[in-house]
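Here are the chains, one letter per residue:
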Amino acid sequence: MIVKNGTVFQENKTFCKRDLYIENGKITDNATGLTDTTEIDAQGLYVLPGLVDIHSHGAMGYDFSDGNLEGLKAILAYEYTHGITSYCPTSMTIEKELLQKLFHSMGDWEDQPGLSHVAGINMEGPFLDASRKGAHRSECILPPDVDFFRECNEACGNLIRLVTLAPNVDGAMEFIQALSEEVVISLGHSAADYNTARKAIQAGADHVTHLYNAMNPLGHRAPGIIGAASESDTCVAELICDGIHVHESMVRVAFKLFPDRIALISDSMRATGMKNGTYDLGGQQVTVDGRLATLADGTIAGSATNVFDCMKMAVSFGIPLEDAIAAATMTPAKSIGIFGKVGSLVPGKRADVILVDKDLNLVKVI
C-alpha cells in the first residue's frame, strides 16, 4: 500500500510532504517489492501515527473491570474508530478476588482486526492513599503488595505495563525497589509531599497518574508530587485534556513543566460514546452530562472522551500541534516501552496510521 501526497508527522516533531509505504502490516522504506500497490491519496491531509491511550477504563457501556472480554472488544472497536490504535485497558480498585479474576481473563488475549491493539494493562490501584482515592472505593484499597502484583501480572501473561502507587503509604518504597525493573510505577492517588515523591522517583518511579488530579496541588511552599516529578528528566506525566479535569491554563503549564514528557490520556469510563445518564464505575454510580462525569458527592469520576478529542482540545488551548500529536503518540509509547513498535511512522514499525484533515477531523484509520 502507498499513502501518497500526505503531510507526514516525523519523529523530530516536524512535518514532511512524502509518500508512506506499507507492506504486510509494517512501514517499509520504499515501493520496491510491494505486493500491495493500492494507493490512498492523502493530498491535503496529515498522516499521523495511530494514537496511544495508556489510561482508559471503558466505553460504549462497558468497563474493563467487568472482566467481560466481549465488552473489551466493544471498547477496542470504539477506540479504533476514533484513531486510537494502541490501548491499555485500565483496572479500577475493586475486590481483590475480582482483580485476580480480571487479570486471569486476559491470559490468552489475542488482538483482532478492526480493534485497537492491547499494548498492555494499566493497573490503577488498589495500592492507593484513601485520602486521595478519587472515584476509587476506599474499602477495596490495599497496602502495596509485591507478591499480589506479581500474581496478577503472571495471571495475565505479564501484560501489566503500568501500576499506580501512592508513595506515602507504608511499604511503598519497598514496592518500588522490588518492581521498578518489572513494571512502570506511576505515582498517583496520593497526598505525598515533595520529599516523599522525590524519594520514590529516586527509587525508580518514573510516571505520574493523571497530573493534578487526585494529588496535592502545586504550592510554592509545598510542591508535592507535581514539583518533584517536574524536576525529573525521565518522569512522564499523564494529562486528561477534556476541558473538565484540568483548566486550560494548567494544561499549558503542564506542557512547560514537562517538556516532551506529557502523555495525553482519556481516563474514559463506560459512558464514553453513550448518551447522558447514570452508569457504574467500579461499583459506584456515576452521572454523565455531556463531558462531565461525577459521583453522587460531586467527585469527578473519569471522563466521557477519547484521546483523539483530547489532542484536539489541547491544540484549541494553545498547545502547538506538533507537541499535542507527540503527547498522543510518541510520549505514551515511550513511557510504557513500546516505542520500538508503535508511536511513529518509521520503517519496521507497525503500520498504525491515521489520516487527519487540517481542521483535525479524523478522515481514515489505516
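In what follows, the structure referred to is the one given above.
Note that the coordinates shown come from a computational prediction; the quantities given were computed from them, not determined experimentally.

(A) Seen up close, the sheet that holds strand β19 (residues 292-294). The strand order β17-β18-β19 describes an open sheet built from three strands, whose pairing is antiparallel. Every interior strand has two partners, whereas the edge strands, β17 (277-281) and β19, have only one. Here the strands of the sheet are splayed against their neighbours by 30° on average, with no regard to which way each runs. Note: β17 against strand β18 (residues 284-289), five bridges, orientation antiparallel. Note on β18: the bridge partner recorded for Tyr 279 is Val 286.

(B) Main features of the side chain of Arg 137. When you line up the elements, Arg 137 lands in the loop between β11 (121-123) and α3 (146-155). There is a polar contact of 2.7 Å between the side chain of Arg 137 and the side chain of Glu 95.

(C) Structural context of the side chain of Asp 352. Among the secondary structure elements, Asp 352 is positioned in the loop between α10 (330-335) and β20 (353-356). By relative accessible area, which is 13% here, Asp 352 ends up buried. Ignoring anything within four residues of it in the chain, the contact list for Asp 352 reads Leu 48, Pro 49, Gly 50, Thr 85, Ser 86, Val 342, Leu 345 and Ile 366.

(D) View of the packing of helix α8 (residues 307-316) against helix α9 (residues 321-328). Remark: α8 packs on α9, axes separated minimally by 9 Å, with the N-to-C direction vectors making an angle of 155°. The orientation of α8 with respect to α9, classified from their angle, is roughly antiparallel. In this structure, α8 meets α9 at a crossing whose hand is right-handed. Contacts between α8 and α9 involve Val 307, Met 311, Ala 314 and Val 315 on the former and, on the latter, Leu 321, Ala 324, Ile 325 and Ala 328. A per-class count over the contact of α8 with α9 returns eight nonpolar, no polar and no charged.

Calculation criteria
- Residues numbered from 1 in each chain as written.
- Predicted model: local features only at pLDDT ≥ 70, side-chain atom pairs only at ≥ 80, totals over all residues.
- Heavy atoms only, no water.
- Pairing = 2+ DSSP bridges.
- Helix = DSSP H or I, 4+ residues; strand = E, 2+ residues; numbered from the N terminus.
- Axes fitted to C-alpha atoms, helices over the stretch in contact; angles between N-to-C directions.
- Polar contact = N/O pair within 3.5 Å; in protein donor to acceptor, adjacent residues only side chain to side chain.
- Buried < 20%, exposed > 50% of the residue type's maximum accessible area, 1.4 Å probe, protein only.
- Contact = heavy atoms within 4.5 Å.
- Parallel < 35°, antiparallel > 145°, perpendicular 65-115°, else oblique.
- Left-handed = near helix turned anticlockwise from the far one by under 90°.
- Nonpolar A, V, L, I, M, F, W, Y, C, P; charged D, E, K, R; others polar.

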